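# Results of the structural survey
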Amino acid sequence: MQTTETQVEISAEMEHHLELLRQAYRLPSTTAVLELLISAQIDRSVYEMTGIKPGPKLAIDNTLGRS
């Protein structure tokens, strides 16, 4: 899957809300909060269109190099 990175500017108020969510979810960055929110919205949209609830997500740590 090909992904692209996009920079966005947010207001100080939105940044504050994202920081509160980051702390509450114990995430490493506000970018991770945005990714979580986008993923949840995609799941909701798919459910509304298909009636199929998303299953559990598999967490894969791809940050470690292979030996």
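You'll find the structure just up there.
Let me sum up the structure you'll find in this document.

Criteria and thresholds
Residues numbered from 1 in each chain as written. Predicted model: local features only at pLDDT ≥ 70, side-chain atom pairs only at ≥ 80, totals over all residues. Heavy atoms only, no water. Salt bridge = Lys/Arg side-chain N within 4 Å of Asp/Glu carboxyl O. Helix = DSSP H or I, 4+ residues; strand = E, 2+ residues; numbered from the N terminus. Buried < 20%, exposed > 50% of the residue type's maximum accessible area, 1.4 Å probe, protein only. Axes fitted to C-alpha atoms, helices over the stretch in contact; angles between N-to-C directions. Parallel < 35°, antiparallel > 145°, perpendicular 65-115°, else oblique. Contact = heavy atoms within 4.5 Å. Nonpolar A, V, L, I, M, F, W, Y, C, P; charged D, E, K, R; others polar. Expected span 1.5 Å × (residues − 1). Patch = residues over 30% accessible without salt bridge, like charges linked within 9 Å, V, L, I, M, F, W, Y side chains within 5 Å. Areas by Shrake-Rupley, 256 points an atom, 1.4 Å probe, with all protein chains shown as cover.

## Re the pattern of salt bridges
Within the structure shown, the criterion is met by one salt bridge. With its nearest N and O atoms 2.8 Å apart, the salt bridge here joins Glu19 to Arg22. Of the two residues, Glu19 and Arg22 are both situated in helix H1 (residues 12-25); the distance of three residues between them amounts to about one turn of the helix. We classify Glu19 as partly exposed; its relative accessible area is 26%. Taking the relative accessible area as the measure of exposure, Arg22 reaches 22% and is therefore partly exposed.

## Here's the deal with unusual backbone geometry
Positioned with a positive phi, Arg26 is a non-glycine residue whose angle comes to about 55°. By the secondary structure assignment, Arg26 is in the loop between H1 and helix H2 (30-50).

## Describing the packing of H1 against H2
The geometry of H1 relative to H2 is characterised by a closest axis approach of 9 Å and an angle of 85° between their N-to-C directions. Between H1 and H2, the angle is such that the two are roughly perpendicular. From H1, Leu18, Glu19, Leu21, Arg22 and Tyr25 reach across to H2, where they touch Thr30, Val33, Leu34, Leu36 and Leu37. A class-by-class count of the residues in the contact of H1 with H2 yields seven nonpolar, one polar and two charged.

## Some points on H2
Under the 1.5 Å per step criterion, the end-to-end length of H2 is 30 Å for 21 residues, consistent within 8% with the ideal 30 Å. Downstream of H2 by one or two residues, Gly51 has phi in the positive range, about 80°.

## Some thoughts on a nonpolar patch on the surface
Where nonpolar side chains cluster on the molecular surface, the patch consists of Leu21, Tyr25, Leu34, Leu36, Leu37, Ile38, Ile42, Val46 and Met49 and spans about 830 Å² of accessible area. Among the elements that make up the nonpolar patch, the one with the highest residue count is H2 (seven residues). Along the chain, Leu21 falls in helix H1.

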